[in-house]
Protein chains: 2
Amino acid sequence: MPTPVELLTIGYELLIGKVVNTNAAWLAAEFTKRGYSVTRITCIGDNEDEIASETKRAIERGAQIIVTTGGLGPTFDDITARSVSKGLSLDCVINEEALKMIEQKYSSLNLPITPERKKMAELPRGSKVLRNPVGTAPGFAVKKGDFLVVGFPGVPQELKEMFKLYADELFPPKGEMVEFFVKARGVPESSAAPVVERLVKANPFLYIKSHPQSSEGSSYIEFHVYSVTSDPRIKSACERVAKELASELIKMGAVIV
Amino acid sequence: MPTPVELLTIGYELLIGKVVNTNAAWLAAEFTKRGYSVTRITCIGDNEDEIASETKRAIERGAQIIVTTGGLGPTFDDITARSVSKGLSLDCVINEEALKMIEQKYSSLNLPITPERKKMAELPRGSKVLRNPVGTAPGFAVKKGDFLVVGFPGVPQELKEMFKLYADELFPPKGEMVEFFVKARGVPESSAAPVVERLVKANPFLYIKSHPQSSEGSSYIEFHVYSVTSDPRIKSACERVAKELASELIKMGAVIV
């Protein structure tokens, strides 16, 4: 079974629809490619109790990794480190390495260390500091027992660069995503449904999701046959199932495109 | 206080990062414009127990409305109606009106009613059926006590058209989103942070979120001053605070753009 990961994306801007949660999709795709299984994506506001309790609940639900995005900056509502600490029952303390990074940054800008800037160095006790090559706020990775909580910034460019820097160390590849697409015209999704069900149940190592690209009348469907796996034999098995699906659809009158 | 709404977006395609959750952002913006408060967006897979328990938990968390997206179609993993019914302790039964809509649709395509097609008419007992003007699967709206659960399809075009058809009836406007933007160059986010905090704490009817558009060095920040409110006086109050913010930023050397 792939390692279960939960994403906790934080910020009121997501809840008012000002920002589309592209971070979640990007992270989900990255984890999937590495052979992990994202089991849930939660989006909540900048609220200490909610962040703390959701961190705790992710562990209760069996997640082995929780990745947060957002809330690491200098404003009053950047409270992720403090809230995650609360959820993990860890102290949130000044991290000397993080403070040094921040001091260096502001000294290069000829700016003093203010309480708002210093706050960005307050991280869960025992955190590994994650360097931010794009922005200022460092990230953190902290273990509580077997659970790993990793805090990334919410600014997409910062998140992506930091993920790339630390992914191999924090999230070593455990498998891969193998996938095949079957695109068919002329068979409604509801006609294909029994075939899809039979193939998924006969091959529990994979999943098939049908994505209708138009309504049932002028049917054009993309079937996504995929597996997140560490077993190299699964790839050819998925390919075989994709071919079987295509040939079943052709029998039903579909044109494979 | 604006009515709290939770969005429950369902589908493994979101958890593998194949699909960006634009539905969530679109719905969140629509609800915000109508004076509602989206308190949480949860994304889970096509899993009966998880959908059922998350429906229950949304009610426990104090949501008054739960909106689901996805899982209304004909495939084996389209299980939203059944799972929501379970979460609400309601039977999931053939809805005659929904069945008629489905029969009409397939009869116009010269296709018979199969079990997969009939399944789309199985809705929580007592549901109001929501007509799907774009696709085939009807949606539903069902009350359990004071709680309203509304199920929309996951195909964005279907979701949007159905929302527009039923929004005024199901989600009557209770206020509006008033918002002002202050765009400033030349002041780092961390320097502006104490001013933002003071203004938010002095004006608890609004929120100010700073969105850095670049790193702390070459600072360009968009400040979003907003309120979701039914009080027409709040608009001018927000405008006043936005102006005060701008003038404070100018004092700190910012250029308002």
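Quick caveat, the model's predicted, so the values are computed rather than measured. (Residues numbered from 1 in each chain as written. Chains lettered and ligands numbered in written order. Predicted model: local features only at pLDDT ≥ 70, side-chain atom pairs only at ≥ 80, totals over all residues.)

How would you explain the confidence of the model for chain A if you had to name every residue and give the values?
This prediction gives chain A a mean pLDDT of 96; 98% of its residues lie at or above 70. We note a pTM of 0.97 for the whole complex and an ipTM of 0.96 for its interfaces. (pLDDT = per-residue confidence, 0-100.)

Before we move on, could you go through the interface of chain A and chain B and cite the residues and values that matter?
Listed as interface residues are 53 residues of chain A and, on the opposing side, 53 residues of chain B. For the side of chain A that touches chain B, a count of residues per class yields 27 nonpolar, 16 polar and 10 charged. The sheet contact formed by strand E2 (residues 37–44) of chain A and strand E2 (residues 37–44) of chain B spans three bridges and is antiparallel. Among the inter-strand pairings, Thr42 of chain A is bridged to a residue of E2 of chain B, identified as Thr42 of chain B. (Contact = placed C-beta atoms within 7 Å. Nonpolar A, V, L, I, M, F, W, Y, C, P; charged D, E, K, R; others polar. Pairing = 2+ DSSP bridges. Helix = DSSP H or I, 4+ residues; strand = E, 2+ residues; numbered from the N terminus.)

Break down the sheet that holds strand E1 (residues 4–10) of chain B for me, citing the residues and quoting the values.
Strand order across the open sheet formed by 12 strands is E6(A)-E7(A)-E8(A)-E3(A)-E1(A)-E2(A)-E2(B)-E1(B)-E3(B)-E8(B)-E7(B)-E6(B), with mixed pairing between neighbours. The strands lining the two open edges of the sheet, one partner per strand, are strand E6 (128–130) of chain A together with strand E6 (128–130) of chain B. When strand polarity is set aside, the average angle formed by the axes of neighbouring strands in this sheet is 15°. The pairing of strand E3 (residues 65–69) of chain A with strand E8 (residues 147–152) of chain A spans five bridges and is classified as parallel. The partner of Ile65 of chain A across the bridge, within E8 of chain A, is Leu148 of chain A. Contacts between helix H4 (residues 80–88) of chain A and the sheet are confined to strand E1 (4–10), E3, strand E7 (139–144) and E8 of chain A, with E8 of chain A contributing the most and set at about 170° to the helix. Most of the contacts of helix H2 (residues 22–33) of chain B go to E1 of chain B, to which it runs at about 165°, and overall it touches E1, E2 and strand E3 (65–69) of chain B. (Axes fitted to C-alpha atoms, helices over the stretch in contact; angles between N-to-C directions.)

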